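# Summary of structural features
Below, each chain spelled out in residue letters.
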Amino acid sequence: MIEERAAIKNLMFTREISSVPRMVLGDERRLRQVLVNLLSNAVKFTRQGSVALRVMGSPDAQTRIRFQVSDTGTGIAPEHLEIIFKPFEQLGAQTGEQGSGLGLAISRELVALMGGTLQVQSEPGRGSVFWFDIPLPAVDREPFPAVQSRGRVIGVDGQSPTVLVVDDHADNRVIVRDMLQPLGFIVAEACDGLEGLAQIEAFKPDVVILDLVMPALNGLDMIRRIRQMTGHDHLVVIVSSASAYPDDRIQSLNAGAQAFIPKPISRSLLVETLQRHIPWIEWRYDKPLPDVQSDHSDALPPETTLTVLSDLAQIGDVDALYDAIDRLKQDMPQVVSFIGKVQYFLDTFQIGQLQTFLEQMRARR
């Protein structure tokens, strides 16, 4: 995508990737958002010369990786180097280029959430360099291929899968139970790791969904004991935790879990995870997702939904916008064309254009 934009302006785009593991564990969506924004800005503010992306091991730590975007563009005056990271301060104020004034502010926040700091060096007329180091621990597990959705899952056929939910908070157990029971799953519950181990022997579940922080026996120790038990080699273990730190994810996988789902649990992510790890389940779907060019290509969500999306775009809450369109994919597949356009603006970090698009859609309503 960036290479094509650079070619249109007759710019050279180069990539250099060195001294990094073959596979790492991190937040793919946030990382993509930040890189797309930085690279898009680099192309936008470079009239001639080149834009470069470098990815390399950080000199500060073995588990951290450095991402660096450099250009030969207009550069930034020293007095503006901190101002550009404030919301609604536009990087193009000196050049006439227009934007939402949110991109760099959100990028710095996303980098901070991933455990790094977005930094910049620049000189007017000589270009800019943006970089950040984030922890990305190496992993040796192959990722599962993406599950191709055939529509909204409405149930299972054949043998009912059995799931044990282990969490010391009853509300969290109820949430998972209410997601799975209507689909035809048989769900049992346990309030801590010790009770969970007893339930495994008695209930013999196909899947265990467990929290990390629990009294009596925590989630990691429970996983290790499960993997030492005989007769449960094929038991699928899914960790569900409010912690999104890479260390918690990597420790869960190393202990023997097959997947990690952040809380609050998304129904679509839970179903997708089960589809990946329990291939024998026969799923029922309501209907295929319509093609973008189908008869529903002009369909729009309700006015209330458009208002919520517009408000989120105005404040630049990208994560909440992604969550909202994920729910729309499940609840209103007939607006798939609308969803595709919103996702395009998010993936390319065009927040200003997204705001305009949503206002236009509200006016059409």
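Our subject is the structure that appears above.
Description of the structure in this document. (Residues numbered from 1 in each chain as written. Predicted model: local features only at pLDDT ≥ 70, side-chain atom pairs only at ≥ 80, totals over all residues. Heavy atoms only, no water.)

## Section: the sheet that holds strand 4 (residues 119–123)
Taken together, 5 strands build an open sheet; the order of strands is 1-2-3-5-4 and the sheet is mixed. Two strands in the sheet have a free side with no partner beyond their single neighbour: strand 1 (12–18) and strand 4. Adjacent strand axes in the sheet meet at a mean angle of 10° when their direction is disregarded. Where strand 4 meets strand 5 (residues 127–135), 5 bridges bridge the pair, whose relative direction is antiparallel. Residue pairing for strand 5: Gln121 is matched across the bridge by Val129. (Pairing = 2+ DSSP bridges. Helix = DSSP H or I, 4+ residues; strand = E, 2+ residues; numbered from the N terminus. Axes fitted to C-alpha atoms, helices over the stretch in contact; angles between N-to-C directions.)

## Considerations on the packing of helix 5 (residues 193–203) against helix 6 (residues 219–228)
For any two helices packed against each other, the geometry comes down to the angle between their axes and how far apart the axes lie. The interhelical angle for the contact between helix 5 and helix 6, taken along N-to-C directions, is 25°, at an axis separation of 10 Å. Regarding the angle of helix 5 to helix 6, the classification is roughly parallel. Our pair here, helix 5 against helix 6, has a crossing hand that is right-handed. Contact residues: Gly193, Leu194, Gly196, Leu197 and Ile200 in helix 5; Met222, Arg225 and Ile226 in helix 6. In the contact of helix 5 with helix 6, the residues fall into 5 nonpolar, 2 polar and 1 charged. (Parallel < 35°, antiparallel > 145°, perpendicular 65-115°, else oblique. Left-handed = near helix turned anticlockwise from the far one by under 90°. Contact = heavy atoms within 4.5 Å. Nonpolar A, V, L, I, M, F, W, Y, C, P; charged D, E, K, R; others polar.)

## Some words on the pattern of salt bridges
Applying the stated rule across the entire model yields 12 salt bridges. Arg30 is the salt-bridge partner of Asp27, the closest N and O atoms lying 3.1 Å from each other. For Asp27, a relative accessible area of 29% puts it in the partly exposed group. Given a relative accessible area of 18%, Arg30 falls into the buried group. (Salt bridge = Lys/Arg side-chain N within 4 Å of Asp/Glu carboxyl O. Buried < 20%, exposed > 50% of the residue type's maximum accessible area, 1.4 Å probe, protein only.)

## Focus: the pairing of strand 12 (residues 282–285)
Only one face of strand 12 is buried: it carries Trp283 and Tyr285, and the other face, with Glu282 and Arg284, is open. Strand direction decides the pairing type here: strand 6 (residues 153–157) and strand 12, joined by 4 bridges, are antiparallel. Each residue of the ladder has a partner; that of Val153, found in strand 12, is Tyr285.

## Concerning helix 9 (residues 303–315)
In a regular helix each residue adds 1.5 Å, so 13 residues correspond to 18 Å; helix 9 covers 19 Å between its end C-alpha atoms and thus fits that length. Every buried residue of helix 9 is listed here: Leu306, Leu309, Ser310, Leu312 and Ala313. Around the axis of helix 9, the buried residues are gathered within 165° of arc, so they sit on the same side. Exposed residues on helix 9 whose side chains face more than 90 degrees from its buried face are Thr304 and Ile315. The positive-phi residue at the C-terminal boundary of helix 9 is Gly316, with phi of around 75°. (Expected span 1.5 Å × (residues − 1). Arc of directions from axis to C-beta.)

## A closer look at the sheet that holds strand 7 (residues 162–166)
Within a beta sheet, neighbouring strands are joined by backbone hydrogen bonds and run either parallel or antiparallel to one another. One open sheet accounts for 5 strands, arranged 8-7-9-10-11; its pairing is parallel. Strands at the two margins of the open sheet, each flanked by one partner only, are strand 8 (186–190) and strand 11 (259–262). Looking at each pair of strands side by side, their axes are set apart by 20° on average, direction ignored. With 4 bridges joining them, strand 7 and strand 9 (residues 207–210) adopt parallel strand pairing. Paired with Val165 across the strands is Ile209, a residue of strand 9. Helix-sheet contacts for helix 4 (residues 170–180) involve strand 7, strand 8 and strand 9, and the interaxial angle to strand 8 is about 175°.

## So, the side chain of Ser240
Note on placement: Ser240 falls in strand 10 (residues 236–241). If near-sequence neighbours (up to four positions away) are discounted, Ser240 is found in contact with Ile209, Leu210, Asp211, Leu212, Ile261, Lys263 and Ile265.

## Let's talk about the pairing of strand 8
Looking at chain direction, strand 7 and strand 8 are connected through 5 bridges and run parallel. Residue Val166 lies in a different strand from strand 8, and its bridge partner there is Ala190. Chirality of the crossover, the property in question, places the unit of strand 7, helix 4 and strand 8 among those that are right-handed. (Right-handed = clockwise from strand over helix to strand, strands pointing away.)

## A look at the packing of helix 9 against helix 12 (residues 351–364)
Where helix 9 meets helix 12, the axes come as close as 9 Å, and the angle between the chain directions of the two elements is 155°. The orientation of helix 9 with respect to helix 12, classified from their angle, is roughly antiparallel. Classified by chirality, the crossing of helix 12 by helix 9 is left-handed. Of helix 12, the residues touching helix 9 (which contributes Glu303, Leu306, Thr307, Leu309, Ser310, Ala313 and Gln314) are Ile351, Leu354, Gln355, Leu358, Glu359, Met361 and Arg362. Each residue belonging to the contact of helix 9 with helix 12 can be placed in one class, and the counts come to 7 nonpolar, 4 polar and 3 charged.

## What about the packing of aromatic side chains?
Two numbers describe a pair of aromatic rings. These are the distance of the centres and the angle of the planes. Following the criterion strictly, the structure yields 4 aromatic pairs and no others. Consider the rings of Phe67 and Phe132, whose centres lie 5.4 Å apart with planes at 20°: the pair is stacked. With Phe67 in strand 3 (residues 64–71) and Phe132 in strand 5, the pair connects residues that are 65 residues apart, well separated along the chain. The same class applies to Phe67 as to Phe132, namely buried. For the pair Phe185 and Trp283, a centre-to-centre distance of 6.0 Å together with 45° between the ring planes defines the contact as tilted. One end of the pair, Phe185, is in the loop between helix 4 and strand 8; the other, Trp283, is in strand 12, with 98 residues separating them in the sequence. On the basis of relative accessibility, which here comes to 4%, the residue Phe185 falls in the buried class. Judged by its relative accessible area of 11%, Trp283 is buried. (Phe/Tyr/Trp six-rings, centres within 6.5 Å; stacked < 30°, edge-to-face > 60°.)

Note that all results are geometric; they support no functional claim without further evidence.
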